[in-house]
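Okay, here's what each chain looks like letter by letter:
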Amino acid sequence: MAEVKIPAEIRSEFGKGAARRLRREEKVPGVVYGHGGEPVHVALPGHDLMMALKTPNVLIRLATEGGKSELVIPKAVQREAIRGFLVHVDLLVVKKGETVTVDVPVQTEGELAPGGNLLEHMLDALPVETEATHIPEAFTVSVEGLGAGASILAKDVTLPKGTALAVDGETVVLQVVSAQAEAPAEGEGEEGEGGEA
């Protein structure tokens, strides 16, 4: 995964008022954690950060004043509920060769078996342990020809070298259900209501 370079200003003002001022300047307040050091409060350019966060688990090189730079990955991103703009971000310092636990998105390819089958995503992202500078962008799983009752477990997902599951291998990631399975349940509900009257 390529690095995205983002300039970061060290913040000395804290609190809601300071955060609002930053957002008016189209900057996002953030905190950088990791490696036993004190958390560092930063201000990041909003547009650059928003574009970087379009890639899950993006590797960001923060360039701070004085020519210092650190590799970080996003750990928690807060967005405004209605408009979705960035409110705050927590970043974790990582080093080359270090292992981190991250959630990697699961994508599907192929067509299910004919007959009105539906694909349920039990997990939208798969928790894995991987090298911090080689985090996979996504896992692609084939659902070609799967019929009702079929499921794909975490252990069935092909992982790149150096990546290990951080969840039980028997965990269901995807399952195929029949679209007709819900119809009898509605009929049973109506009979139950009639019995109460």
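Everything below is about the structure printed above this text.
Overview of the structure. This structure is a prediction, so every number in the text was calculated from the model and none was measured. (Residues numbered from 1 in each chain as written. Predicted model: local features only at pLDDT ≥ 70, side-chain atom pairs only at ≥ 80, totals over all residues. Heavy atoms only, no water.)

The next point concerns the sheet that holds strand β10 (residues 125-131). Across a sheet, paired strands are connected by hydrogen bonds in the backbone, their directions being either parallel or antiparallel. The strand order across the open sheet formed by four strands is β11-β8-β10-β13, and the pairing between neighbours is mixed. The open sheet is flanked by β11 (139-142) and β13 (164-165), the only strands paired with a single partner. Judged from the four bridges that link them, strand β8 (residues 99-109) and β11 form a sheet pairing that is parallel. For E109, the partnering residue across the bridge sits in β11 and is S142. (Pairing = 2+ DSSP bridges. Helix = DSSP H or I, 4+ residues; strand = E, 2+ residues; numbered from the N terminus.)

With that settled, consider the pairing of strand β14 (residues 172-178). Regular strands place side chains that alternate from one sheet face to the opposite one. Both strand β9 (residues 117-121) and β14 contribute to a ladder of five bridges, which runs antiparallel. Directly across from N117, in β14, lies its bridge partner S178.

By the secondary structure assignment, N57 is in the loop between α2 (46-52) and β5 (59-63). Within polar-contact distance, the side chain of N57 engages the backbone oxygen of D103 at 2.8 Å. (Polar contact = N/O pair within 3.5 Å; in protein donor to acceptor, adjacent residues only side chain to side chain.)

Looking now at the sheet that holds β9. In space, the three strands of this open sheet follow the order β9-β14-β12, with antiparallel pairing throughout. In this open sheet, the two strands that pair with only one neighbour each are β9 and β12 (151-153). For this sheet the average axis-to-axis angle between neighbouring strands, irrespective of direction, equals 15°. Of the pairings in the sheet, the one linking β12 to β14 comprises three bridges and is antiparallel in character. Its bridge partner lying in β14, S151 is registered against Q175. (Axes fitted to C-alpha atoms, helices over the stretch in contact; angles between N-to-C directions.)

Our focus in this paragraph is the nonpolar core. Formed by 20 residues in total, the largest nonpolar core has its most connected members in I73, V94, V100, V102 and L126. At the level of elements, β6 (69-79), β8, β10, β11 and β14 are the ones that each hand at least two residues to this core. Beyond its immediate chain neighbours, meaning those up to four positions away, V102 contacts N57, I73, L126, P127, V128, T130 and I135. Membership of the second largest hydrophobic core comes to 17 residues, among which are V28, V42, V89 and L91. (Core = buried A, V, L, I, M, F, W, Y, C linked by side-chain atoms within 4.5 Å. Buried < 20%, exposed > 50% of the residue type's maximum accessible area, 1.4 Å probe, protein only. Contact = heavy atoms within 4.5 Å.)

Time to look at the environment of V173. Inspection of the secondary structure assignment puts V173 in strand β14. Overall, V173 belongs to the buried group, its relative accessible area being 0%. Between the alpha carbons of V173 and V106 there is a distance of 8.5 Å; along the sequence they are 67 residues apart.

Moving on, we get to unusual backbone geometry. A negative phi angle characterises most non-glycine residues, just as the trans form characterises most peptide bonds. The phi dihedral of N57 falls on the positive side, at around 55°, and the residue is not glycine. On the accessibility criterion, N57 (11% relative accessible area) is buried.

Further remarks concern the pattern of salt bridges. For the structure on display, the rule yields three salt bridges. Between E9 and K27 there is a salt bridge; the shortest N-O distance is 2.7 Å. Of this pair, E9 sits in strand β2 (residues 9-10) while K27 sits in strand β3 (residues 27-33); the two residues are 18 residues apart in sequence, bridging distant segments of the chain. Given the relative accessible area of 36%, E9 is considered partly exposed. Between K155 and E170 there is a salt bridge whose closest N-O contact spans 2.6 Å. (Salt bridge = Lys/Arg side-chain N within 4 Å of Asp/Glu carboxyl O.)

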